[in-house]
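An overview of the molecular structure
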Amino acid sequence: MGNTYTLNFPVQEADIRKLALGDMVYLDGEIVMTAGLPTHQRIVRCLENGTELPTDLTNAGFFHLGSYNTEDDGVFDVLYLNPTTSTRFNEYMPTLIRSFGLRAVGGKGGLDRACAEAMKEVGCVYLSFLGGGCTVLSEAIREVTSVSWNDMISHYRIVKLRVEQLGPLTVAIDAHGNSLYDNLQEDAEKAMPQILADLRTAREAAASGDTSR
């Protein structure tokens with residue numbers, strides 16, 4: 001079992017570097033969330049064009065979270081949030097991580113090796129959210145502090161939230177290049193020859209009518 005920490009955003013690089021794979025984390029403070037592929041693409045275009053973003057992402061916690069929102073009389077409210085699949089954004093995340101010095105990213109499903117290398121360079125971790133855990137996660141919402149790019153559908157906007165004890169989240173990629181997703185892939189590849197051999201033996205036994213094998 002790993003350790004359990006509370007990270008209060010904004011956080012220092014040293015607080016991120018000390019985290020290890022399997023550690024459990026709760027988040028306090030302001031985080032940024034979006035679920036939109038077009039959002040990531042627009043952020044990258046802004047970086048390429050030198051256009052200032054409406055929300056400062058410097059050293060932020062930037063999370064792939066979908067949400068159900070209401071907007072009445074100009075008041076934007078997040079009623080619940082739930083993780084979306086981060087691998088959809090593999091192409092764009094190394095640029096975002098390096099450009100803004102992101103301290104934490106997360107969602108579900110992980111990120112690829114290129115993203116992990118960018119995280120290692122700047123001091124950033126990937127936090128795995130509980131899939132289907134929207135009830136627990138949404139209880140941490142305290143306040144919507146800003147909403148940007150209102151021309152997009154609500155869960156594609158860049159939303160900044162103040163949260164309290166958002167979690168539990170698992171450190172699935174640490175700031176030293178270690179990845180639970182890579183480890184699981186390697187374990188699966190090592191186990192595959194024996195699995196295939198056992199299946200082949202079982203098929204041969206079934207075909208011959210020999211049930212002793």
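Residues numbered from 1 in each chain as written. Predicted model: local features only at pLDDT ≥ 70, side-chain atom pairs only at ≥ 80, totals over all residues. Heavy atoms only, no water.

**A few points about the overall build of the chain**
Rule in force here: Numbering of helices and strands runs from the N terminus; a helix is a DSSP stretch of H or I covering at least four residues, while a strand is a stretch of E covering at least two. Relative accessibility decides the category of a residue: with a 1.4 Å probe and only protein chains considered, values under 20% of the type maximum give buried, values over 50% give exposed, and everything between is partly exposed. Note on contacts: a residue pair is in contact if any heavy atoms of the two residues lie within 4.5 Å. Accessible areas in this description were obtained via Shrake-Rupley with a 1.4 Å probe; residue shielding takes into account the shown protein chains only. Counted as positive: Lys and Arg. Counted as negative: Asp and Glu. His and the chain ends are not counted at all. Here the site of a charge means atom NZ of a Lys, CZ of an Arg, CG of an Asp or CD of a Glu.
Helix and strand counts for the chain stand at six helices and eight strands. Each helix and strand of the chain, placed in order from N terminus to C terminus, yields the pattern β-α-β-α-β-β-α-β-α-β-α-β-β-α. Each of the three principal axes of the chain carries a C-alpha extent, and together these read 75 × 35 × 35 Å. Buried residues in the chain amount to 44% of all 213 residues. Considering only intrachain contacts with a sequence separation of at least 6, the fraction spanning at least 24 residues in the chain is 63%. With the model as given, the accessible surface of the chain reaches about 10,500 Å², and the carbon-plus-sulfur share is 49%. Positive and negative charge centroids in the chain, built from 18 and 28 side chains respectively, lie 4 Å apart.

**Points about a nonpolar patch on the surface**
This is how the line gets drawn: A patch is a set of surface residues, each over 30% in relative accessible area and not in a salt bridge, joined within 9 Å for like charges and within 5 Å for the nonpolar side chains Val, Leu, Ile, Met, Phe, Trp and Tyr. The term salt bridge refers to a side-chain nitrogen of Lys or Arg lying within 4 Å of a carboxyl oxygen of Asp or Glu.
On the surface, M192, I195, L196 and L199 cluster together into a nonpolar patch covering about 340 Å² of accessible area. Structurally, the position occupied by M192 is in helix α6 (residues 180–208). Given the relative accessible area of 39%, M192 is considered partly exposed.

**Overview of unusual backbone geometry**
A cis amide bond, omega 5°, links F9 with the succeeding residue P10. Cis geometry is found at the peptide bond from G167 to P168, where omega equals 5°. Following the sequence through the fold, P168 ends up in strand β8 (residues 158–173). Although it is not a glycine, D73 adopts a positive phi angle of roughly 55°. Looking at D73, the relative accessible area reads 84%, which means it is exposed.

**Considerations on the side chain of S138**
The test is simple: In protein, a polar contact means a hydrogen-donor-capable atom and an acceptor-capable atom, both N or O and within 3.5 Å, with residues adjacent in sequence counting only if both atoms are side-chain atoms; elsewhere, any N or O pair within 3.5 Å suffices.
Checked against the element boundaries, S138 lands in helix α5 (residues 134–138). Within the structure, the side chain of S138 is placed 2.9 Å from the backbone nitrogen of L81, a separation counted as a polar contact. Non-local contacts of S138, meaning those with residues more than four positions away in its chain, are made with L79, Y80 and L81.

**Points about the side chain of R103**
You can see R103 is positioned in the loop between α3 (93–100) and β5 (104–107). From its side chain, R103 meets the backbone oxygen of V122 in a polar contact 2.6 Å long. From its side chain, R103 meets the backbone oxygen of G123 in a polar contact 3.1 Å long.

**Focus: helix α4 (residues 113–122)**
Each full turn of the α-helix corresponds to 3.6 residues, which orients residues three or four apart in the same direction. To keep things clear, this is the line we draw: Picture the helix axis, draw a direction to every C-beta atom, and the arc is the one those directions span.
For α4, every residue scored as buried is listed here: C115, A116, A118, M119 and V122. Within α4, the buried residues cover an arc of 160° as seen down the axis, which keeps them to one side. At its buried positions, α4 is contacted by α1 (13–17), α3, β5, β6 (125–128) and β8. The N-cap of α4, judged by a side-chain oxygen 3.3 Å from the amide nitrogen of A114 a few residues on, is D112. One or two steps after α4, the chain reaches G123, where phi turns positive at roughly 90°.

**Side note on the packing of aromatic side chains**
For clarity, the cut-off: Stacked, edge-to-face and tilted are the three classes for Phe, Tyr and Trp ring pairs, Trp counted by its six-membered ring, which pair at centre distances within 6.5 Å; planes under 30 degrees apart are stacked, over 60 edge-to-face, the rest tilted. A ring is considered to have a charge above it if a Lys NZ or an Arg CZ atom is located within 6 Å of its centre and within 35 degrees of its normal.
Per the counting criterion, the structure on display carries two aromatic pairs. Pairing F63 with F129 gives two aromatic rings, centres 5.5 Å apart and planes at 65°, and the pair type is edge-to-face. Of this pair, F63 sits in strand β3 (residues 61–72) while F129 is found in the loop between β6 and α5, placing the two residues 66 residues apart along the sequence. Ring plane angle 20° and centroid distance 5.8 Å describe the contact between Y68 and Y80, whose orientation is recorded as stacked. Within this pair, whereas Y68 is found in strand β3, its partner Y80 is found in strand β4 (residues 75–83), the two being separated by twelve residues in sequence. On the basis of relative accessible area, Y68 is assigned to the partly exposed category, the value being 43%. Here R42 stacks its cationic end above the ring of W149, 4.7 Å away from the centre of that ring.

**Quick word on the nonpolar core**
Counted only if it meets this: In this description, a nonpolar core means a group of buried Ala, Val, Leu, Ile, Met, Phe, Trp, Tyr and Cys residues linked to one another through side-chain atoms lying within 4.5 Å.
Among the nonpolar cores identified, the biggest contains 29 residues, and I43, F62, M93, I97, L102 and V105 are the most heavily contacted of them. Broken down by secondary-structure element, the contributors of at least two residues to this core are α2 (37–49), α3, α4 and β8. With five residues, α4 is the largest single contributor of residues to this core. Discounting residues that sit within four places of it in the chain, V105 has contacts with F62, F63, M93, I97, L111, M119, C124, V125, Y126 and L127. One finds L65, L81, L127 and L137 within the second-largest nonpolar core, a separate group that totals 28 residues.

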